[in-house]
Amino acid sequence: MLNDIFKRLNLENTDALIKLSDANWKEKVTFPSRVIRLLEDTEKWNPKAIFCFDNKPLVLFFENPENKETLHKTAWNFNETPIIIVVEDNEVSIYNGFAIDENTNLLQELSGNEKLNDFNYFELVTGKTFEKYRDDFNYKHRVDYRLLENIENTQDKLLKEYKCSRKTANALLGKIIFVRYLIDRKVRLNFEGESKEWTNEEFCNLLLNKNRVYEFFQYLQSKDKGFNGDLFPISKVYFDAIPNDAFKLIKRLLEGDDIKTGQKSLFQLYDFSVLPIEFISNVYEWFIGKENQAKAGAYYTPTFLVDYIISQTVTKKLNEKDNATSCKVLDPACGSGIFLVETLRKIIEKYISINGISEDKQEFKNTIKQLAKDNIFGIDKDESAVQVAIFSIYLTLLDYQEPPEIETFKFPELLNTNFFVADFFDTKAGYNEKLKEQNFDFILGNPPWFRGKGEKEEPLYVTYINNREKDEKSEGQPPCKIGGKEIAQAFLIRSSDFSDDNTENALIVTSKTLYNLNSVDFRNYFLHNFKIKRVFELAPVRYEVFEKSNKKAVAPACVLFFKYDKTQDTDNNIIEHITLKPSRFFSLFKIFTINRADFKRVQQKKLKEYDWLWKVLVYGSYLDFNFIKRLKLDYSTIKEVIDISQKFILKQGLKEKDGNKKTDVSELVGLDYIKTEDVQQFYIKPSSNRWKLKHVGYCYKDRAIFKAPILLIAGGISASLQAVSAISYTDGVYKSSLTGIKGIDVNTIPLLRMISGILNSLYFAYINLMTFSSSGIEREEAHDEEKLDIPFPKTESVSTIVKNLEKLHVEKFQHTLENPIVQDAINEEYDKLNNAIYNALSLTNEEMTLLRYTVDVTIPIQMRHKGFEKLLFPLKYKEKALADYAQLFLNRFQANLSNDKRKFIVKIWHTEQIIGMFFKVIPIDEYKDDVVWINNKHKDDTSNKQKDASGILRFLIKIGSSEITDKLFVQKDIRGFEKDYFYIFKPNEKRLWHKAIGYLDVNEFADAILKAGRDMR
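Residues numbered from 1 in each chain as written. Predicted model: local features only at pLDDT ≥ 70, side-chain atom pairs only at ≥ 80, totals over all residues. Heavy atoms only, no water.

Another point: unusual backbone geometry. Residue Pro709 follows Ala708 across a cis peptide bond; omega there is 0°. Structurally, the position occupied by Pro709 is in the loop between strand E22 (695-696) and strand E23 (710-717). A positive phi angle, close to 60°, is found at Asn46, a residue other than glycine. Along the chain, Asn46 turns up in the loop between helix H2 (33-39) and strand E2 (49-53). Classification of Asn46 as partly exposed rests on a relative accessible area of 28%. (Helix = DSSP H or I, 4+ residues; strand = E, 2+ residues; numbered from the N terminus. Buried < 20%, exposed > 50% of the residue type's maximum accessible area, 1.4 Å probe, protein only.)

Right, let's get into the pattern of salt bridges. Scanning the entire structure with this criterion turns up 51 salt bridges. A salt bridge links Lys26 to Glu40, with the shortest nitrogen-to-oxygen separation between them at 2.7 Å. Within this pair, whereas Lys26 is found in the loop between strand E1 (17-19) and H2, its partner Glu40 is found in the loop between H2 and E2, the two being separated by 14 residues in sequence. Judged by its relative accessible area of 41%, Glu40 is partly exposed. With a shortest N-O distance of 2.9 Å, Arg975 and Asp1001 are connected by a salt bridge. Separated by 26 residues along the polypeptide, Arg975 in strand E29 (residues 974-977) and Asp1001 in helix H39 (residues 995-1012) bring together distant segments of the chain. Members of the salt-bridge network, linked through shared partners, are Arg37, Arg185, Glu342, Arg345 and Asp399. (Salt bridge = Lys/Arg side-chain N within 4 Å of Asp/Glu carboxyl O.)

At 3.6 residues per turn, the α-helix brings residues three or four places apart onto the same side. The first and last C-alpha atoms of helix H17 (residues 361-375) sit 21 Å apart over 15 residues, in line with the 21 Å expected at 1.5 Å per residue. For H17, the set of buried residues is Phe364, Lys365, Thr367, Ile368, Lys369, Leu371, Ala372 and Asn375. The elements touched by buried residues of H17 are strand E9 (329-331), helix H16 (338-355), strand E10 (376-380), helix H18 (383-398) and helix H19 (403-407). At the N-terminal boundary of H17, the capping side chain belongs to Asp360, with an oxygen 3.2 Å from the backbone nitrogen of Gln362. (Expected span 1.5 Å × (residues − 1). Contact = heavy atoms within 4.5 Å. Polar contact = N/O pair within 3.5 Å; in protein donor to acceptor, adjacent residues only side chain to side chain.)

The next point concerns the confidence of the model for the chain. When pLDDT is averaged along the chain, the result is 88; 92% of the residues meet or exceed 70. This stretch, residues 960-966, has a pLDDT under 50; its non-local contacts, to residues over four places away or in other chains, come to 14 contacts. (pLDDT = per-residue confidence, 0-100.)

Moving on, we get to the sheet that holds strand E16 (residues 574-579). Strand order in this open sheet of nine strands is E11-E10-E9-E12-E13-E15-E14-E16-E17, and the pairing throughout is mixed. Sheet topology places strand E11 (419-421) and strand E17 (599-603) at the edges, where each strand pairs with a single neighbour. Put simply, the sheet's adjacent strands are angled 20° from each other on average, direction ignored. Relative to strand E15 (residues 557-564), strand E13 (residues 504-510) runs antiparallel, the two sharing six bridges. Counterpart to Asn505 in the pairing with E15 is Phe562. Helix H14 (residues 303-312) contacts strand E12 (442-445), E13, strand E14 (530-537), E15 and E16 of the sheet and is inclined by roughly 25° relative to E15. Against the sheet, H16 engages E9, E10, E11, E12 and E13, with an angle of about 175° to E10. (Pairing = 2+ DSSP bridges. Axes fitted to C-alpha atoms, helices over the stretch in contact; angles between N-to-C directions.)

For the rest of this paragraph, the subject is the nonpolar core. Formed by 254 residues in total, the largest nonpolar core has its most connected members in Leu158, Phe178, Leu182, Phe203, Phe216, Phe536 and Leu538. Per-element tally for this core: the top contributor is helix H7 (residues 166-184), with 11 residues. Residue contacts for Leu182: discarding those within four places in its chain leaves Val187, Leu189, Leu220, Phe227, Leu398 and Ile406. One finds Ile5, Phe6, Leu110 and Ile914 within the second-largest nonpolar core, a separate group that totals 40 residues. (Core = buried A, V, L, I, M, F, W, Y, C linked by side-chain atoms within 4.5 Å.)

For the rest of this paragraph, the subject is the side chain of Glu576. Examined against the element boundaries, Glu576 turns out to sit in strand E16. Only 2.7 Å separates the side chain of Glu576 from the side chain of Arg534, close enough to count as a polar contact. The contacts of Glu576, once residues within four sequence positions are left out, are Lys533, Arg534, Val535, Phe599, Lys600 and Arg601.

The pairing of strands in a sheet happens through backbone hydrogen bonds and is either parallel or antiparallel. Sheet architecture is open: four strands sit in the order E18-E25-E23-E24, paired in antiparallel fashion. Either end of the sheet is taken by a strand with one partner, and the two such strands are strand E18 (648-652) and strand E24 (723-728). Across the sheet, the axes of successive neighbouring strands diverge by a mean angle of 20°, strand direction being ignored. By the bridge criterion, five bridges tie E18 to strand E25 (residues 738-743) in an arrangement that is antiparallel. Bridge assignment links Leu650 to a residue of E25, and that residue is Ile741. Helix H30 (residues 749-759) rests against E18, E23, E24 and E25 of the sheet, and its axis sits at about 160° to E24.

For the structure shown, the criterion picks out zero disulfides. Its sulfur unpaired, Cys164 is 18 Å from the next cysteine sulfur, which belongs to Cys204. Cys164 gets classed as buried once you look at its relative accessible area, which sits at 9%. (Disulfide = S-S within 2.5 Å.)

Running from N to C, H7 and helix H9 (residues 210-221) cross one another at 70°; their axes reach a closest spacing of 12 Å. The orientation of H7 with respect to H9, classified from their angle, is roughly perpendicular. Between H7 and H9, the contacting residues are Leu172, Lys175, Ile176, Phe178, Val179 and Leu182 on the first element and Phe216, Phe217, Leu220 and Gln221 on the second. Classifying every residue of the contact of H7 with H9 gives eight nonpolar, one polar and one charged. (Parallel < 35°, antiparallel > 145°, perpendicular 65-115°, else oblique. Nonpolar A, V, L, I, M, F, W, Y, C, P; charged D, E, K, R; others polar.)

For helix H11 (residues 244-255), spanning 12 residues, the distance from its first C-alpha to its last is 17 Å, which sits close to the expected 16 Å at 1.5 Å a residue. Along H11, the residues classified as buried are Ala246, Phe247, Leu249, Ile250, Lys251, Leu253 and Leu254. Where H11 is buried, its residues contact helix H6 (143-160), H7, helix H8 (200-206), H9 and helix H10 (236-240). A positive backbone phi angle near 105° is found at Gly256, which sits one or two residues after H11.

Turning to the packing of aromatic side chains, a few remarks are in order. A full pass over the atoms with the stated rule returns 70 aromatic pairs. Geometrically, the ring pair formed by Tyr431 and Phe498 is stacked, given 6.5 Å between the ring centres and 25° between the ring planes. Here Tyr431 is found in helix H20 (residues 431-436), whereas its partner Phe498 is found in the loop between helix H22 (487-494) and E13, with 67 residues between them in sequence. You can call Tyr431 buried: its relative accessible area is 3%. Relative to Tyr981, the ring of Phe918 lies with its centre 5.7 Å away and its plane at 65°, an arrangement referred to as edge-to-face. Highlighted residues: Phe918 in strand E27 (residues 914-923) and Tyr981 in strand E30 (residues 981-987), separated in sequence by 63 residues. Like Phe918, the residue Tyr981 is buried in the burial classification. Among the aromatic side chains, those forming a connected cluster through ring pairs are Tyr885, Phe889, Phe893, Phe904, Phe919, Phe977, Phe982, Trp993 and Phe1005. Seen from the ring of Phe424, Arg494 lies directly overhead, with NZ or CZ sitting 5.1 Å from the centre. For Lys903, the ring lying beneath its charged end belongs to Tyr927, and the centroid distance is 5.3 Å. (Phe/Tyr/Trp six-rings, centres within 6.5 Å; stacked < 30°, edge-to-face > 60°. Lys NZ or Arg CZ within 6 Å of the ring centre and 35° of its normal.)

Among the six residues that make up strand E4 (residues 83-88), five are buried, leaving the element largely enclosed by the rest of the structure. In this sheet, E4 lies alongside strand E3 (residues 56-63) in parallel orientation, the contact comprising five bridges. For Val59, the partnering residue across the bridge sits in E4 and is Ile83. At this point the chain moves from E3, through helix H3 (residues 68-78), to the parallel E4, and the crossover so formed is right-handed. By the bridge criterion, six bridges tie E4 to strand E5 (residues 91-101) in an arrangement that is antiparallel. Bridging from a neighbouring strand, Ile84 pairs with Tyr95 of E5. Between E4 and E5, which pair antiparallel and follow one another directly, the connecting turn spans two residues, one of which, Asp89, has a positive phi of 55°. (Right-handed = clockwise from strand over helix to strand, strands pointing away.)

As for its placement among the helices and strands, Glu847 is situated in helix H35 (residues 845-862). On the basis of relative accessibility, which here comes to 8%, the residue Glu847 falls in the buried class. Here the side chain of Glu847 touches Arg630 through a polar contact of 2.8 Å, side chain to side chain. Sequence-distant contacts of Glu847, that is, excluding residues within four places in its chain, are made with Phe627, Arg630 and Ser842.

This is the structure we're talking about:
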């Protein structure tokens, strides 16, 4: 029956389907050991097959399961697979692996046999399945979220009602979680002289006797009978201070009460032997407390980021040598220790792959404990964090033990040898000498993000940077600086103190580090002293990176892979730059989908020369870089033009409050008061408000800035990333949220209109997204300095069009009802404005295409404009966009490859899921047209849709990698050369076949042909 299901889902010929009955199935995946262990556990659930996508188990298949409730409980706790397909008595049931039904204690059912096609290969890999069932897969249904919510409520009561200290409450909960882990792993405990497997009920009864609870905790901690180690220690004094009712609260938690509501929770369905270790990372987030989170700048590190960083560092090093089992890693802000946990996993798994597991169980225990002692090191200021990190390491060690071995396992003592409660910037602390002796292979982590503002004393990290600047002071060398007291920048620099020539670093920092205007000096210093290997930028998906955090972090993240370079010879270093863009797969499952255009290589000295290039790397290409570079060379900026003319005053409006300052502005009383929200593009709403205050915090001395004509520029920007500006032709007072460019007389109005036209244009939106520090990175805003620094093409036609737009907007707002005729006239005039600017800039066809791609595709997708989904829709057969894309190749190659005997042509193979283009030279007698369309689909025949797509699949599998079809949907394109042709395949999405992408593709093929010396003639 399962084989029939595989055929119906179009999975039988794909290597993405892994049957667990195959002896070598583990060789096809790189799952963590925990996942492997659970997939092999036939007692709990016995899965028969997995459908994998980008090494993620997206679908699990079961056939005639013996214990349905255990299967569903295990699947939910597994927390890895969104789709569970169960075949039972020839009936198919499809379940949501991330949601449990509280009434039945079974997984939420998604559909049955009638909707099986929703889960076929192409629906899965194109993301359509997950779009259709998006709400069902919401992370708030997942096991870790539900469990942690209940633990948080328990902690809250311990703190507020029972007056436990945070340290005591955290230690108590940590011990409880450990005991439940031992119970669920069926570990025998020898407490009070009786060795037995404990039940949850027995442990709950123990909690009624406070003295026995203390003795039980002491047993767990003891060297002789228990586990030893640094397992959430609670001194007798602090333990005695815990009220008896606190243990009754813990008992209620374990028995399944929802601590907040008093109703029943899902606690009886939690299986701590199955729950992923990253659950502990989430525990840490609650342990440090919501109120401390912002202050500490600490957010738990998402597992997908940890996996990515470990794969690019530790995994690669261990794979370099067959017998390598050493990899020393330091996490300078270790938090819950997730980087060190995953490092230890990789090291132990490599050891096992080389040596196996010794029959001498004690020898194996000693070996893995020594691997931990020799290789993993962490520092954190927060004691609770260090306790959780050590606990996480202990659980990781136990993951490689069977229950009988766990009973006699002794934890290594890691506190003050491998883990330190300390400030990373305390250069006098004892850990400095210990760690500098280690010769680390990697320094990995997610340091805190915050700016040191308002401290009474100078933070230690600021002192460190200041001292380093003094020590390194040298003529001609960039000074050691950080921008805005940003602590993450200080972590990047301090890492060099623990680096030798071979140490590589990968730290997650706030993306603003690479763009903020006040961090230019830091970037200059960093580029001079460190070689950047890779930048992995996540700013475009910033709302989805830390979505499970107590508070969704708006601050964007990027990962910097780098090395300290003592020679300071960094100019010729090549940096890989990868930008992650929004996608269905990332939103739901944190699977990366990266377009080829989002992967770039750049010489490090280019970033020294062009600081704005950092931003182009995120949203543009080298073509955009060349375009913007030309504009900056050919045109003066707005600021330069108004400075040269000496006929303008450029200032922000008054500050109503500015500390204790008081400025007399009584002469302004009675003038029109122009509010920020009154300023729109080309129009200022009339207001009956008059300025009333006689004193404000600050006002520029020259009050002429409030006399007409004034071009007012709002601090914010439009939803399409244009500026918002309009000219006031009457005197008026405005606040500092508006910037005014005041012309000295009416003769300056034409130039003010030109500036207004540029600021409100699509050209401005393009420059904004490509070069400004904030839009598309953190917030959609623009600083005055950036707005006035854009290349400014002066042209009288713009001034005339803006005058017309001003009149039309007045007419529009004079009517209470919307007038479509006026709006159509505005739209037509706005198109004229943009075209006039394009003409003034002398845009080439290529430059025009780049600009239009940004404003028509990139900005709508990034800003989630209404209807942006259409850009992800498939192109129709023979749609013009495909012909335009193909024409770029014809234009580039036809002149050289065609003559009176042969012709260069393009064959376009179209399906609803995938489009392929084949470029080849054919004999002239076979020639019919430059573009040949191939489409075998029959109208309204869904079976043929599958056949067409399968045909492309067979071709792709034939020409290359067994994983090529999955890569097509992860990396977004497959391309290559055969003897007589070259080809490119991409998913059928409008945005991927735009001419702007075509210019990049055709250039890459031309370069490849040139480098390979290929002759297609």
